[in-house]
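Chain by chain, the residues run as shown.
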Amino acid sequence: MFSGGQQADTARWSMPGELAALRWFDPSGWPLGPLGGTGPMVYLPPLIQRENVMALAPPGAGKTRAVLVPALLSERLQPPADRRSLVIVDPEGELYKLTGRELSRTHKIVVWNPAKPQMCNAAFDPFAYIPAWNKPGYVGACEHAAMVWLAATTEGAEGGTRRAGDPYWEKQPANVLKALLLAWGIRPLSATGAARELGDKSTKALLADITESGVDAARMRAKVVEDLMLNERAAGNVFSDLRERFMLLGNPTVAGTMQGKSVDFAAIVAQPTAVFVQVSTAALYLQPLLSVFIGTAVGELLKLTSSGRPLAREVRFIVDELGNLGRIYDLAGALATLRKNGIGFLMATQTRSRLADRYGLQGAKSIMGTCGTVLALGGLSVDDATWVSRQLGTHVRTVYKTTVSMPSFGLHVDQQKDTAPLRTADAIRAMNLRMVVLPTRLRPFETAVRIYTG
Ligand SMILES: Nc1ncnc2c1ncn2[C@@H]1O[C@H](COP(=O)(O)OP(=O)(O)O)[C@@H](O)[C@H]1O
Ligand SMILES: [Mg+2]
């Protein structure tokens, strides 16, 4: 098509020279695969990593073994001064099995698995990061901890207990939990301690904790909570909702993995560390803890950058099966802010619609929007393949039509312009051991997919 004498859409694939100019052949990046199947190896450059990457593909396409594992293994090759720390969401322990031993040569290995204490070499308690009540940042930390816990235990989050999007259920438990955390801070409580208080104490006694608290910020919230108490039934509902949200901590195995020294995020920045967080997607009741872990990690890393300085060491979050995990509090916000500070996310999900189940349509869109690069492997859903095809755009092609004009018996060749998708959705779905890379600041390209088999 032409408009104003210019071609409206001239989508095309990247040329090797264009990739070279932006350092996509530089082996300091994460390996993707040979360009076009037989060309030079393509690597995802460090600067592009910081703009976040999403691998999109159905099970078995190679998200774990062709994208995440090679990226993790390549982290060992960084020069010592540039080594990054890694926060790895490894739902089934697959990434640890395939990379843990290798990474241990260059990185301190930390494992937390709330279902398998024998796997853990660190504890994790989200409330351990709240500073003393008379220290700066106390109020913000309590509020953040409350929001992270609530987001993780809200339905839509797998294993959550409440519907998302209902303002009543979103707001009242938040008010009460923030007030409780603020009040309890005077004698710091662990998450399991908080669960015990909620389980053992009457609603009245919990309210008294808030109204009689020695912490000003808690008492300031007491009015809101007291007003809520005027409606006895509503108040009862809110407190039983909160009790339910902490119930999983009644499990002694889980509680055991939260006691002891919690993962130290400042230490992770200080020395190259690989933290594996293992919560099986099948363990629905544990999903909230995974979301809480990420929410807390993001909060702690942001604290370390709050003076406007980038982190002393870059960090990569490697998140497998994002769409099957519980909802992570303010993930889109974290993705957008953290990249300024030397933190990048490499995520994998089966479909965009799984993300929409968790984060809502708008949330899923903004998560995808914060990913500078999308890796689309074969076998996508119709919906995702159509989306990728549309991202690739259409190119103009010239169609020649030959006509024979009868009166003069002359042969007439007619040139017409026509547009066609760079690659149709069908062709994208049919790809096998191939990936289409939709990069930032560069035209798309294709590589072969190489499955790591150990
Ligand atoms: N040890 C192995 N040797 C060879 N192929 C394997 C091995 N383990 C898994 N595969 C194959 O690798 C492919 C990619 O698997 P995987 O990376 O786990 O996909 P995804 O993470 O997208 O679900 C699968 O089709 C699987 O059959
Ligand atoms: Mg996988």
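As the structure is a computational prediction, the values presented were derived from the model and not from experiment. (Residues numbered from 1 in each chain as written. Chains lettered and ligands numbered in written order. Predicted model: local features only at pLDDT ≥ 70, side-chain atom pairs only at ≥ 80, totals over all residues.)

## Digging into the overall build of the chain
Moving on, step 1. Of the regular secondary structure elements, the chain holds 17 helices and 15 strands.
Moving on, step 2. Counting only C-alpha atoms and orienting by the principal axes, one finds that the chain spans roughly 100 × 50 × 40 Å.
Moving on, step 3. Split into buried and exposed, the 454 residues of the chain put 45% on the buried side.
Moving on, step 4. Considering only residue pairs separated by 6 or more positions, the chain has 76% of its internal contacts joining residues 24 or more positions apart. (Helix = DSSP H or I, 4+ residues; strand = E, 2+ residues; numbered from the N terminus. Buried ≥ 20, exposed ≤ 12 C-beta atoms within 10 Å, placed from the backbone. Contact = placed C-beta atoms within 7 Å.)

## A look at the domain arrangement of the chain
Moving on, step 1. When cut into domains, the chain gives domain 1 (16-122 + 263-391 + 425-448) and domain 2 (126-250).
Moving on, step 2. Measuring from the centre of the C-alpha atoms in domain 1 to the corresponding centre in domain 2 gives 32 Å.
Moving on, step 3. Where the side of domain 1 that touches domain 2 is concerned, the elements lending two or more residues are α13 (287-304) and α15 (352-369).
Moving on, step 4. Per-class residue counts for the side of domain 1 that touches domain 2 are six nonpolar, six polar and four charged. (Domains from an automatic or database assignment. Nonpolar A, V, L, I, M, F, W, Y, C, P; charged D, E, K, R; others polar.)

## Section: the site of ligand 1
Moving on, step 1. Near ligand 1 the following residues occur: Ala57, Pro59, Gly60, Ala61, Gly62, Lys63, Thr64, Arg65, Ala66, Ile451, Thr453 and Gly454.
Moving on, step 2. Counted by class, the shell around ligand 1 contains five nonpolar, five polar and two charged residues. (Near = placed C-beta within 6 Å.)

## Some words on the sheet that holds strand β7 (residues 108-112)
Moving on, step 1. Strand order in the open sheet formed by nine strands is β7-β8-β6-β9-β10-β5-β11-β14-β15, and the pairing between neighbours is mixed. This sheet does not close on itself; its edge strands, each paired only once, are β7 and β15 (445-448). Adjacent strand axes in the sheet meet at a mean angle of 15 degrees when their direction is disregarded.
Moving on, step 2. Bridge count between β7 and strand β8 (residues 273-277): five bridges; the pairing is parallel. Residue Lys108 lies in a different strand from β8, and its bridge partner there is Thr273. (Pairing = 2+ DSSP bridges. Axes fitted to C-alpha atoms, helices over the stretch in contact; angles between N-to-C directions.)

## Regarding the packing of helix α8 (residues 203-211) against helix α9 (residues 216-229)
Moving on, step 1. At their nearest, the axes of α8 and α9 sit 8 Å apart, and the two run at 145 degrees to each other. Across the interface between the two elements, Leu207, Ile210 and Thr211 of α8 pack against Ala218, Arg219, Arg221, Ala222, Val225, Glu226 and Met229 of α9.
Moving on, step 2. The residue inventory of the contact of α8 with α9, partitioned by class, reads six nonpolar, one polar and three charged.

## Points about helix α16 (residues 382-392)
Moving on, step 1. All of the buried residues in α16 are Asp384, Ala385, Val388, Ser389 and Leu392. Buried residues of α16, seen end-on, are gathered within an arc of 140 degrees and therefore sit on one face of the element. Among the exposed residues of α16, those pointing more than 90 degrees away from its buried face are Val382, Asp383 and Arg390.
Moving on, step 2. Two residues or fewer after α16 comes Gly393, characterised by a positive phi angle close to 85 degrees. (Arc of directions from axis to C-beta.)

## Regarding the confidence of the model for the chain
Moving on, step 1. The predicted model of the chain averages 90 in pLDDT, with 94% of residues at 70 or higher.
Moving on, step 2. Of the regions scoring below 50 in pLDDT, residues 1-8 engages in eight contacts with residues more than four places distant in sequence or in other chains. (pLDDT = per-residue confidence, 0-100.)

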